[in-house]
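The lines below spell out each chain.
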Amino acid sequence: MPALNVEFSDRELEDLRQIAKERGTSMKALVREAAAADIARHRALQEGAEAFRRFFASHADEFAAAFPEDESPLRREGRVA
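K.L.:
Lay out a nonpolar patch on the surface in plain terms, naming residues and giving numbers.
P.N.:
Together, Leu 4, Val 6 and Phe 8 give the surface a local cluster of nonpolar side chains, amounting to about 300 Å² of exposed area. Mapped onto the elements, Leu 4 comes out in the segment before α1 (10-23).

K.L.:
Explain the pattern of salt bridges to me, and be specific about the residues and the numbers.
P.N.:
Taken as a whole and assessed by the stated rule, the structure comprises four salt bridges. Across the salt bridge formed by Arg 11 and Asp 15, the nearest N and O atoms sit 3.4 Å from each other. Taken together, the residues Arg 11 and Asp 15, both in helix α1 and four residues apart, mark about one turn of the helix. Among the ionic pairs, Arg 54 bridges to Glu 50, the shortest N-O distance being 3.7 Å. One end of the pair is Arg 54 and the other is Glu 50, both in helix α2 (residues 27-58) and four residues apart, which spans about a single turn. Judged by its relative accessible area of 51%, Arg 54 falls in the exposed class.

K.L.:
Run through the packing of aromatic side chains, naming residues and quoting values.
P.N.:
Summed over the entire model, instances satisfying the criterion amount to three aromatic pairs. Here Phe 55 and Phe 63 contribute two aromatic rings whose centre-to-centre distance is 6.2 Å and whose plane-to-plane angle is 80°, an arrangement assigned as edge-to-face. Overall, the relative accessible area of 24% leaves Phe 63 in the partly exposed class. Centre to centre, the rings of Phe 56 and Phe 63 are 4.7 Å apart; their planes meet at 25°, and the pair counts as stacked. Linked through ring pairs, Phe 52, Phe 55, Phe 56 and Phe 63 together constitute an aromatic cluster.

Procedures and definitions
Residue positions are counted from 1 within each chain, in the order its sequence is given. Under the rules for a predicted model, residues below a pLDDT of 70 receive no local features and side-chain atom pairs below 80 are neither given nor counted, while totals for whole chains, interfaces and linings still include all residues. As a rule here, side-chain values cover all heavy atoms of the structure and leave hydrogens and water aside. Nonpolar side chains (Val, Leu, Ile, Met, Phe, Trp, Tyr) within 5 Å and like charges within 9 Å form the patches, drawn only from residues with over 30% relative accessible area and no salt bridge. The method behind every accessible area is Shrake-Rupley, applied with a 1.4 Å probe, and residues are considered shielded solely by the protein chains displayed. In the sections that follow, a salt bridge refers to a side-chain nitrogen of Lys or Arg positioned within 4 Å of a carboxyl oxygen of Asp or Glu. For helices the rule is a DSSP run of H or I covering at least 4 residues; for strands it is a run of E covering at least 2, with both sets numbered from the N terminus onward. Any residue under 20% of the maximum accessible area for its type is buried, any over 50% is exposed, and the rest in between are partly exposed; the area is computed with a 1.4 Å probe on protein chains only. Note on aromatic contacts: the rings of Phe and Tyr and the six-membered ring of Trp form a pair at centre separations within 6.5 Å, being stacked when their planes are under 30 degrees apart, edge-to-face when over 60 apart, and tilted otherwise.

So this is what it looks like as structure tokens:
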């Protein structure tokens, strides 16, 4: 399995040791869990943003009618920017 060396300050390393001890886990498992959680969060945000873009695009005319002051001058003139 590929690996990654990560450098921490002395304070960060001590904090990681303490947290791992409190949780009854290894430092390696703690850091891997944190990285995996951040990766999952990033993917979820990307998927959510894409779903919003699709929703907005499919309802663009409705949004334009509801919020005409937010439309660009080019779109109001019939040209899309």
